[in-house]
Amino acid sequence: MTGGHAPGASNAFDAARRALRGLVVAATVRIHRPAVGYALEEPGTFLGSGFFVAPNWVLTCAHVACGGEGGEVAVVYETAPGRGTSAAPGRVVATLPDRADRAGQALPAGNWPAPDLALIQLTEPVDDHECVYVSERPAAYYGEGRVLYAGWTENEGRLQVLDGTLTVQGTIGGWSSDVQMRLGDNDLPYGVSGGPVIDPERGEVIGVLKARSDHRPGGTSTGIEQLRTLRVPAMTTAEHSDLYQAVFHAHDRYHRDRQRHPAARRQTWTDVQGRLGARPGRTLSPDERIQLLGRLAELPPPESTRGLLDILDSLPDLQALTPLPAPRGWRDGLGALYESASDDGALELVLDYAMRAMSAPRPFVVPSTADAEKALWVWVWQAAQRLGARYRSGLAEQRVERLRRRDEAERAAPDTVSGGVRPADGPGGRSRHRRHGGPDARARGRSVGSAGRPSALLELVRRGWEPDRCDWSVSVAAPGGEVVRLHEAERTPLADLPEQLAGPLGEAFRHCDEPGRPALLQVALPHALLGLEVDNWQLASGQEPLGALRPVVVRCSDRDRLPDEAFGAYGGGGPDGTAEADGADGEDEWDDPDELDAERRARWRWLHAHRAKAEVLDCDEGLRKPVPTVEQLRALSHGTVPVLCRYGDLRYEDDAEALARIVLGGYGVALWRRRHGRADAVCGEFHRGTIDGVAEPPSAQHLPEAVHDLRMRLRAGRTESFWADGVALLYDDPHQPLPGTGDLLEAP
């Protein structure tokens, strides 16, 4: 039998089903009580199953997650078939129903009532795991048929992952907001609770296994849409203020970024959905859908559920009843269109919805919002090419009119944020950097940055014949340029630096720290050592890393002695790395040191009087590209902060050469991250985070504090900051040259 498919089609369909099962199993995790080492392989610590719903977010059952200690659990996952398991610590941040006690801790496991869901947030960043694709349609819309499931269980004394099929035998709750699906025709062993339930026709997760039946094969599952009932914050000042929006925006951006990652060879959920023949809303291909959802997820969320429902009500061809629970995010609104779309008007309905999302009132605005709106418009315009010229013309007019009306409404609205003082308007008259209720950013704008106060200065000089050793000095640097040296030493092994420097740095910090205001640590390094992870040093056992305790920045100490190779490969010469001479003397006209120094100082002054703009130099939507030549870097605007996404990855030039080009280009401020994950890990969140993070402070003066804040959030396990794992900041003031470079600590 071919099940309605031609023999060839059936073979392809079966292959797609197998690929889907592989993706499901890869994203399915097991949850344990907190333990270490081999204890995580013991069934005694095993609590149940779950699955990655977004990067560093796990969805499971509340009765599973709350079996840990104080809301702490361990999440065990496989990075790929045959590679073994890895473990990461996590904490339960939300349960449904919300049964937190007065101290804010989730109550112990037990017979949890429906919907029995929990979200676990990893407290350490992990980027080598698969995430499921979650349906934007409520599970109640799923008809009778078969579903896939996956989970972990104990088998012959070992913990093993398993998957299978179940039949849908009806619902519990009918069309109420807490509907559950009744599943049968297969045994559900102990441990699979919390695992995903998948629509095999569309390749989407629609539910979570809740319980197994005591009297018959099968059990029940809870629809994913129950997460819409998570607590709504009183005010949304940033994406991470609203847990629901944070998780599903991250989900949609992850799948969009995975799909367009040019270096990835693994099949994506979108690839498999296309092979299954899924057609969301009768008009979109799986690729078109995820590109749309990814763009919607770049926007701030709807102001409220009521505001989203008003948008849906305004669509002329929408006739379906509002699903329960009510839609909460842009993706939910898109899913609500599917049941109403007719074949001849489905695309218009989707485009009309996207146009309203593009111009909707915002609960907050970040620097990248304007670019996100433009990107959504580009998608809408491309999709509209399938329609008539009259409709396309109407779209263009509608865009102008909707943006005009919104801008007028925002200008007329009372300013409850800045006390009547509005920041400079961006293009179109809108403030591009308005954040409702952003006290940290406003306080930072009024305060003097750590760079304007006394700071500790650590200088390292690598020994030429002993590259694993260095000479060092610790000083106190005053804002006016005066430097007082406190300690110095020679021939210290690089590996011993944290231990040897604990005392001298502690003394320097005592000279500079103020109550509640830890002083800046400047680390002057030769360009080949700029990747040294000083911010991760622990000066004492059990102490927080330096970067979490205070602002830590690096400076380039051999700027005037950089190697010619920085001008070579993809630089001032050909691809073989040899420099080409422009004149008889082999020097370019822009090699004049005085001109370079004046340009460097001009860049610095501009960055410290205006907002900066991040420019990712070595990565184009996941595709490695050469760092621009020194000449090309000098041509960028003075407001540019260069960013390296792929530091530590395979690249056209080595890391030291890439940083040398940035330094030679006249930049005193630059940012990069040290990559620790796999080469095909998605990097869209890093790009987005740097664009917003660099542009948020009123000037570059506050970037050391902004990076310090990110590192503190990382240590606190704040998932919205995981994109910044491994970030480093070059902050090299040309008006405060390093003391006696090459004089007192000359390497042998």
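Up top you'll find the structure we're talking about.
Here is what the cut-offs are and how they apply
Residues numbered from 1 in each chain as written. Predicted model: local features only at pLDDT ≥ 70, side-chain atom pairs only at ≥ 80, totals over all residues. Heavy atoms only, no water. Helix = DSSP H or I, 4+ residues; strand = E, 2+ residues; numbered from the N terminus. Buried < 20%, exposed > 50% of the residue type's maximum accessible area, 1.4 Å probe, protein only. Contact = heavy atoms within 4.5 Å. Areas by Shrake-Rupley, 256 points an atom, 1.4 Å probe, with all protein chains shown as cover. Salt bridge = Lys/Arg side-chain N within 4 Å of Asp/Glu carboxyl O. Pairing = 2+ DSSP bridges. Axes fitted to C-alpha atoms, helices over the stretch in contact; angles between N-to-C directions. Parallel < 35°, antiparallel > 145°, perpendicular 65-115°, else oblique. Left-handed = near helix turned anticlockwise from the far one by under 90°. Nonpolar A, V, L, I, M, F, W, Y, C, P; charged D, E, K, R; others polar. Expected span 1.5 Å × (residues − 1). Core = buried A, V, L, I, M, F, W, Y, C linked by side-chain atoms within 4.5 Å. Phe/Tyr/Trp six-rings, centres within 6.5 Å; stacked < 30°, edge-to-face > 60°. Lys NZ or Arg CZ within 6 Å of the ring centre and 35° of its normal.

*Asks:* If you had to explain the overall build of the protein to someone new, which residues and values would you point to?
*Replies:* Helix and strand content of the protein: 19 helices and 23 strands. When each of the 748 residues of the protein is scored for burial, the buried share is 54%. Summarising the internal contacts of the protein: among those between residues at least 6 apart in sequence, 70% fall at separations of at least 24. Accessible surface, the protein as shown: approximately 31600 Å² in total, 50% of it carbon and sulfur.

*Asks:* Give me the lowdown on the pattern of salt bridges, citing residues and values where you can.
*Replies:* Charged atoms that come close allow side chains of opposite charge to pair. Inspection of the entire model under this criterion finds 49 salt bridges. Between Glu401 and Arg404 there is a salt bridge, and its shortest N-O distance comes to 2.4 Å. With a gap of three residues between them, Glu401 and Arg404 both fall in helix H10 (residues 389-412), about one helical turn apart. Among the residues examined, Glu401 registers a relative accessible area of 29% and is labelled partly exposed. Here Arg404 falls in the partly exposed class, since its relative accessible area comes to 37%.

*Asks:* Explain the pairing of strand E4 (residues 72-78) to me, and be specific about the residues and the numbers.
*Replies:* Buried residues dominate E4, accounting for five of its seven residues. As defined by bridge partners, strand E1 (residues 28-32) adjoins E4 across three bridges and the pair is classed as antiparallel. Bridge pairing links Ile31 to Val75 in E4. Sheet topology places E4 next to strand E5 (residues 85-96); seven bridges connect them, and they run antiparallel. Looking at E5, one finds that Val76 is bridged to Ala87.

*Asks:* Report on the sheet that holds strand E2 (residues 46-54), specifying residues and quantitative values.
*Replies:* The strand order E1-E2-E3-E6-E5-E4 describes a closed barrel built from six strands, whose pairing is antiparallel. Recorded for the sheet is a direction-independent mean angle of 40° between the axes of neighbouring strands. Across four bridges, the pairing between E2 and strand E3 (residues 57-60) is antiparallel. What sits directly across from Ala54, in E3, is Trp57. Contacts from helix H3 (residues 243-260) reach E2, E3, E5 and strand E6 (117-122) within the one sheet, and its direction differs from that of E2 by about 70°.

*Asks:* Tell me what's going on with the side chain of Thr28, and back it up with residues and numbers.
*Replies:* Structurally, the position occupied by Thr28 is in strand E1. Classification of Thr28 as buried rests on a relative accessible area of 1%. Not counting residues up to four positions away in its chain, the partners in contact with Thr28 are Gly50, Phe51, Ala150, Gly151, Trp152 and Pro196.

*Asks:* Could you give an account of unusual backbone geometry, naming the residues involved and the relevant values?
*Replies:* Along the chain, Leu96 connects to Pro97 via a cis peptide bond; the corresponding omega equals -5°. Examined against the element boundaries, Pro97 turns out to sit in the loop between E5 and E6. Pro115 follows Ala114 through a cis peptide bond whose omega is 5°. Along the chain, Pro115 falls in the loop between E5 and E6. Its identity as a non-glycine residue notwithstanding, Asn56 has a phi of 70°, on the positive side. One non-glycine residue, Glu156, lies in positive phi territory at about 55°.

*Asks:* So what about the packing of helix H5 (residues 286-296) against helix H9 (residues 369-383)? Which residues, and what values?
*Replies:* Two numbers describe how H5 lies on H9: the axes approach to 9 Å, and their chain directions differ by 155°. In terms of orientation, H5 lies roughly antiparallel with respect to H9. Remark: the crossing between H5 and H9 carries left-handed chirality. Counting all contacts with H5, which are made through Glu288, Gln291, Leu292, Arg295 and Leu296, the residues of H9 involved are Ala375, Leu376 and Trp379. Considered class by class, the residues forming the contact of H5 with H9 number five nonpolar, one polar and two charged.

*Asks:* Could you give an account of the environment of Leu458, with specific residues and numbers?
*Replies:* Here Leu458 shows up in strand E13 (residues 455-463). Each C-alpha atom of the pair Leu458 and Arg555 lies 9.8 Å from the other, and the pair is 97 residues apart in sequence. Not counting chain neighbours up to four residues away, the residues in contact with Leu458 comprise Trp472, Ser473, Val474, Leu501, Leu505, Leu521, Gln522, Val523, Ala524 and Trp537.

*Asks:* Explain helix H15 (residues 593-607) residue by residue, including any values.
*Replies:* Taking 1.5 Å as the rise per residue, H15 with 15 residues should run 21 Å; its terminal C-alpha atoms sit 21 Å apart, in good agreement. Those residues of H15 not exposed but buried are Glu599, Arg600, Ala602, Arg603, Trp604 and Leu607. Where H15 is buried, its residues meet helix H16 (630-634), strand E21 (640-647), strand E22 (669-674) and strand E23 (727-731).

*Asks:* Please set out the nonpolar core residue by residue, giving values where relevant.
*Replies:* In terms of nonpolar packing, the biggest core is built from 91 residues, with Leu227, Tyr353 and Val380 touching the most fellow members. Counting residues per element, this core draws most heavily on helix H8 (residues 346-358), at nine residues. Each residue touching Leu227, except ones within four places of it in the same chain, is listed here: Leu59, Leu96, Leu117, Leu119, Tyr244, Phe248 and Arg328. Counting residues in each nonpolar core, the second largest holds 45 residues, with Val474, Leu494, Cys512 and Leu644 among its members.

*Asks:* Describe the packing of aromatic side chains, with residues and values.
*Replies:* Overall, the coordinates contain eight aromatic pairs when judged by the stated rule. Aromatic side chains Tyr244 and Phe248 sit 4.9 Å apart centroid to centroid with 45° between the ring planes, which places their arrangement in the tilted category. Placement of the pair is Tyr244 and Phe248 together in helix H3, with a separation of four residues, close to one helical turn. Summarising the burial analysis for this pair, Tyr244 and Phe248 share the class buried. A ring pair is formed by Trp330 and Tyr353, whose centres lie 6.4 Å apart and whose planes are at 70°; its orientation type is edge-to-face. A residue pair is termed long-range when its members are at least 10 positions apart, and Trp330 in helix H7 (residues 330-338) and Tyr353 in helix H8 qualify at 23 residues. Cation over ring: Arg331 sits above Tyr133, and NZ or CZ is 6.0 Å from the ring centre. Looking at Arg550, its charged tip hangs above the ring of Phe509, at a distance of 3.6 Å from the centre.

*Asks:* Any details on the side chain of Glu599? Residues and values, ideally.
*Replies:* Within the fold, Glu599 resides in helix H15. Excluding its chain neighbours within four sequence positions, the residues that come into contact with Glu599 are Arg634 and Gly665.

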